[in-house]
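Tertiary structure, described
Residues per chain are reported as follows:
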2 protein chains.
Amino acid sequence: MVKYLKIYETIKQRILEMEYRLNEKLPDGASLGKEFDCSELTIKKALDILVADGLVVRKRGSGSFVKRPLNTTTSHLHGTKANAIKHGKEVTSNNLKFEIIPADERIAERLNCNRGDLIYHIIRVRIIDSLPTVIEDTYMPVNILNGLTIEHTQDSIYSFITNQLKLKIHSSTMEISIVKANEIESENLNVPLNDKLVAVEQIVYLDNGDIFEYSISKHTTDTYHFSTNFVRL
Amino acid sequence: MVKYLKIYETIKQRILEMEYRLNEKLPDGASLGKEFDCSELTIKKALDILVADGLVVRKRGSGSFVKRPLNTTTSHLHGTKANAIKHGKEVTSNNLKFEIIPADERIAERLNCNRGDLIYHIIRVRIIDSLPTVIEDTYMPVNILNGLTIEHTQDSIYSFITNQLKLKIHSSTMEISIVKANEIESENLNVPLNDKLVAVEQIVYLDNGDIFEYSISKHTTDTYHFSTNFVRL
DNA sequence: AAGTGGTCTAGACCACATT
DNA sequence: ATGTGGTCTAGACCACTTC
């Protein structure tokens, strides 16, 4: 690991373990540079990540201060399964569809590919702690996800992507709105027809700029919970 | 403005105006350094912001490439009014409550202040394009928002904070879930009792680490729409 | 082998806050 | 006046990609 990340981890640890306490002033750049045997700029890079995390505030002329403790945000840069496991829950999947189709106009636009390109189309009901909770409608380019099988979809597609294919997820866009359950959704999620569902539309980017997923998930309202934090750029 | 921000703006402009086109390779660091008469590190800082924006991907060994066009994300680091205006909508407010109260246990924890500290407590119904759309329950420390009047709450509190008090918003945390309308909400939002609403709980931080707002907003499901993008840190 | 980004240094200079 | 962070430079060295 590179130096500034090591320093970042070390200082983060100190904050989380209260070695540096809330509102306490951190040592200045020069002192930290001596401690970690590096230049002040390298210290700055480490502290800048802590600032983005919201754990530190730096004030020109007065110093760097410890701020709020880390809050546990569910990252939507992981899959449904990884998030559930992080919260100690069991996930199974019920595949409604696993097919390869040519991209139509709309899908091609979302996936930034050409019409006719081959696309995995997967519809799954995710069952969390024995409760049908989400129905996920997912589109992924075959040329990126080459080798994806129905077995992977039973488990975690994200783990296939990161562990097997060694691809790295960079970012995602997300839109949340409320929709009414149609017949299929009603049946599979065990809710009344026209009951309200939380619709989440996502486009997920790899760090090379490629899009590997476009999906629409519909969640039951009882179970849906989303939390995040923003930092102004 | 500092150099790297100027360079960032310039290059962003070139991408948005298609001078640098999608998937096109940008000039390398040394060339850009010559063009902008600066060091390569300064170029890197500018390009790094474009990477965070998702507009550029940098690949060690091969170069920097233009990626997807900017998408219009509604920032929740602005107020309800600013967001509505950006979408060309009219906002008015109907104040249900404007009081100053001492912080109880729960509020003190959320606002990271002491029990008994004075807090503005404001409840407003926001009417967007003649439709009652959100009921906002807001708590703000008096010592930070000193001078806030009921007139400001009729308009935009955010504009008071940024324009009058010259405070800068740094970040926010946000939680979304679905709840049932109680009597007050049902009446004011003109929906049936127990109808579902989108509850958004927010804590907003200033760049000095202080919290200036804790709020719970409840939106009608017909109108709620949230979009954002994440970047993995 | 050549091209290109990423990390790191030492030091200069500036902007802002505190005393 | 002093302390502290922010920007910027010039150059070294390394890691990865392409040819």
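Look above for the structure.
Residues numbered from 1 in each chain as written. Chains lettered and ligands numbered in written order. Predicted model: local features only at pLDDT ≥ 70, side-chain atom pairs only at ≥ 80, totals over all residues. Heavy atoms only, no water.

**Things to note about the relation of the copies chain B and chain A**
- Of the transformation placing chain B onto chain A, the axial shift is 0.0 Å and the rotation is 180 degrees, giving an RMSD of 0.2 Å. Considering both components of the superposition, the chain copies are consistent with a two-fold axis. Identified as the residue of chain B closest to the rotation axis by C-alpha distance is K196 of chain B, at 3.9 Å.
- Both copies share a contact surface, since 100% of the interface residues of chain B are interface residues in chain A too. (Least-squares fit on C-alpha atoms with pLDDT ≥ 70 in both. Contact = heavy atoms within 4.5 Å.)

**Section: the interface of chain B and chain A**
- On the chain A side, the residues contacting the 41 residues of chain B number 41 residues.
- Note on chain B versus chain A: buried area summed over both sides is about 3900 Å², and carbon and sulfur give 55% of it.
- At the boundary of chain B and chain A, one finds two salt bridges.
- When residues of the side of chain B that touches chain A are traced back to their parent elements, those giving at least two are α3 (40-53), β1 (56-59), β6 (169-180), β7 (196-206) and β9 (225-231) of chain B.
- It is β6 of chain B that provides the largest number of residues to the side of chain B that touches chain A, a total of 10 residues.
- Broken down by class, the residue content of the side of chain B that touches chain A amounts to 15 nonpolar, 16 polar and 10 charged.
- Bridge count between strand β6 (residues 169-180) of chain A and β9 of chain B: seven bridges; the pairing is antiparallel. (Buried area = accessible area lost by both parts, 1.4 Å probe. Salt bridge = Lys/Arg side-chain N within 4 Å of Asp/Glu carboxyl O. Helix = DSSP H or I, 4+ residues; strand = E, 2+ residues; numbered from the N terminus. Nonpolar A, V, L, I, M, F, W, Y, C, P; charged D, E, K, R; others polar. Pairing = 2+ DSSP bridges.)

**With respect to the protein's contact with DNA strand C**
- In the vicinity of DNA strand C, 23 residues are found, and the nearest of them are K3, S39, T42 and R60 of chain A together with G61 of chain B.
- The backbone of K3 of chain A places a nitrogen or oxygen atom 2.5 Å from a phosphate oxygen of DNA strand C.
- Take R60 of chain A: an N or O atom from its side chain is 2.7 Å from a sugar or linking oxygen of DNA strand C.
- Within the residue set of the surface near DNA strand C, elements represented by two or more residues are α1 (3-16) and α3 (40-53) of chain A together with α3, β1 and β2 (63-66) of chain B.
- If you tally residues by element for the surface near DNA strand C, the top one is α3 of chain A, at three residues.
- The class makeup of the residues in the surface near DNA strand C is five nonpolar, eight polar and 10 charged. (Near = heavy atom within 4 Å. Polar contact = N/O pair within 3.5 Å; in protein donor to acceptor, adjacent residues only side chain to side chain.)

**A look at unusual backbone geometry**
Residues and elements named next belong to chain B.
- In this structure, N112 takes a positive phi of about 50 degrees despite not being glycine.
- Locating N112 in the fold gives a position in the loop between α5 (105-111) and β4 (118-128).
- A positive phi is found at D129, a non-glycine position, where the angle reads about 50 degrees.
- With respect to the helices, strands and loops of the structure, D129 is situated in the loop between β4 and β5 (131-141).

**Describing the pairing of strand β8 (residues 211-220) of chain B**
Residue and element names in this part refer to chain B.
- Here β8 lies mainly inside the structure; nine of its 10 residues are buried.
- Bridge count for β5 against β8 is six bridges, and the pairing is antiparallel. The partner of D137 across the bridge, within β8, is I216.
- Sheet topology places β7 next to β8; nine bridges connect them, and they run antiparallel. Bridge assignment links V198 to a residue of β8, and that residue is H219. (Buried < 20%, exposed > 50% of the residue type's maximum accessible area, 1.4 Å probe, protein only.)

Keep in mind these numbers describe shape, not what the thing actually does.
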